[in-house]
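# Chain and residue survey
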Amino acid sequence: ALDERGDITSVTIPESIIDIKDNSIVALYDAVSYVVAPENPAYKSVNGVLFSKDGTHLIAYPCSKAGSSYSVPAGVTKIGNSAFFEAVFLQNVSLPDGILDIGDAAFSGYSFKSINIPSTVQHIGTWAFSRCGFTKVTIPSSVNNIGDGAFMDCANLMQIIVETGNQHYVSQNSVLYNIDQTEL
């Protein structure tokens, strides 16, 4: 696994690599791009960002990729585990409708100031937004599972709103509870 490395600026994925395990390329702090051999049957790179070949799974955004904003392309349904982990230059990520799953630690450590969770999201992974800088988050009515610590250590988070109609979660005085209000 290539993890927590500060000396790798580009990762080339040859045709023969067809299975990249979750978190195996996380925290490549100097990475600016992922390059995939065109013949690779499982993966592709779009402007240096790693996706499944069919474009439905955003796997990894390079930690040191230049630019303060990024728009996830339409057609993506899953943001992978640690996909935007420690993306140091990003301040804004636009998520399109159609995303169903936000993976574990997907945006952990990301310094953005706001997040718009699309109304199609059903699952928010463990530590998905931990250590983020936004002040407000709205949980759509479509969300049926939020992993432990999804908003842990978000020091600026002052307001959690759960959309009316959510059958699994509720917020009371900006505190997130399960629908029965028996668990935080």
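A few points on the structure. (Residues numbered from 1 in each chain as written. Predicted model: local features only at pLDDT ≥ 70, side-chain atom pairs only at ≥ 80, totals over all residues. Heavy atoms only, no water.)

Moving on to the sheet that holds strand β7 (residues 78-79). Across the sheet, 7 strands lie side by side as β3-β4-β5-β7-β9-β10-β12; this open sheet has mixed pairing. Strands at the two margins of the open sheet, each flanked by one partner only, are β3 (43-46) and β12 (145-146). Taken together, the 2 bridges between strand β9 (residues 101-102) and strand β10 (residues 123-124) define a ladder with parallel strand orientation. What sits directly across from D101, in β10, is H123. (Pairing = 2+ DSSP bridges. Helix = DSSP H or I, 4+ residues; strand = E, 2+ residues; numbered from the N terminus.)

Next up on the list: the packing of aromatic side chains. By the definition in use, this model includes 8 aromatic pairs. Consider the rings of Y70 and F84, whose centres lie 6.1 Å apart with planes at 55 degrees: the pair is tilted. Taken as a pair, Y70 in strand β6 (residues 69-71) and F84 in the loop between β7 and β8 (92-94) lie far apart in primary sequence, 14 residues in all. Relative to F151, the ring of F129 has its centre 5.6 Å away and its plane inclined at 5 degrees; by these criteria the two rings are stacked. With a gap of 22 residues between them, F129 in the loop between β10 and β11 (136-139) and F151 in the loop between β12 and β13 (159-162) connect regions that are remote in the sequence. Across the pair, F151 and F129 agree in class, each one buried. Among the aromatic side chains, those forming a connected cluster through ring pairs are Y61, Y70, F84, F107, F129, F134 and F151. (Phe/Tyr/Trp six-rings, centres within 6.5 Å; stacked < 30°, edge-to-face > 60°. Buried < 20%, exposed > 50% of the residue type's maximum accessible area, 1.4 Å probe, protein only.)

Counting 39 residues, the largest nonpolar core has I79, F84, F107, F129, I139 and F151 as the members making the most contacts within it. Breaking this core down by element, the ones donating at least two residues are β4 (49-52), β11 and β13. Those residues in contact with I139 that sit more than four places away from it in its chain are I117, I124, I146, F151, I160, I161, V162, E163, N166 and L176. Counting residues in each nonpolar core, the second largest holds 13 residues, with V11, I13, I20 and Y34 among its members. (Core = buried A, V, L, I, M, F, W, Y, C linked by side-chain atoms within 4.5 Å. Contact = heavy atoms within 4.5 Å.)

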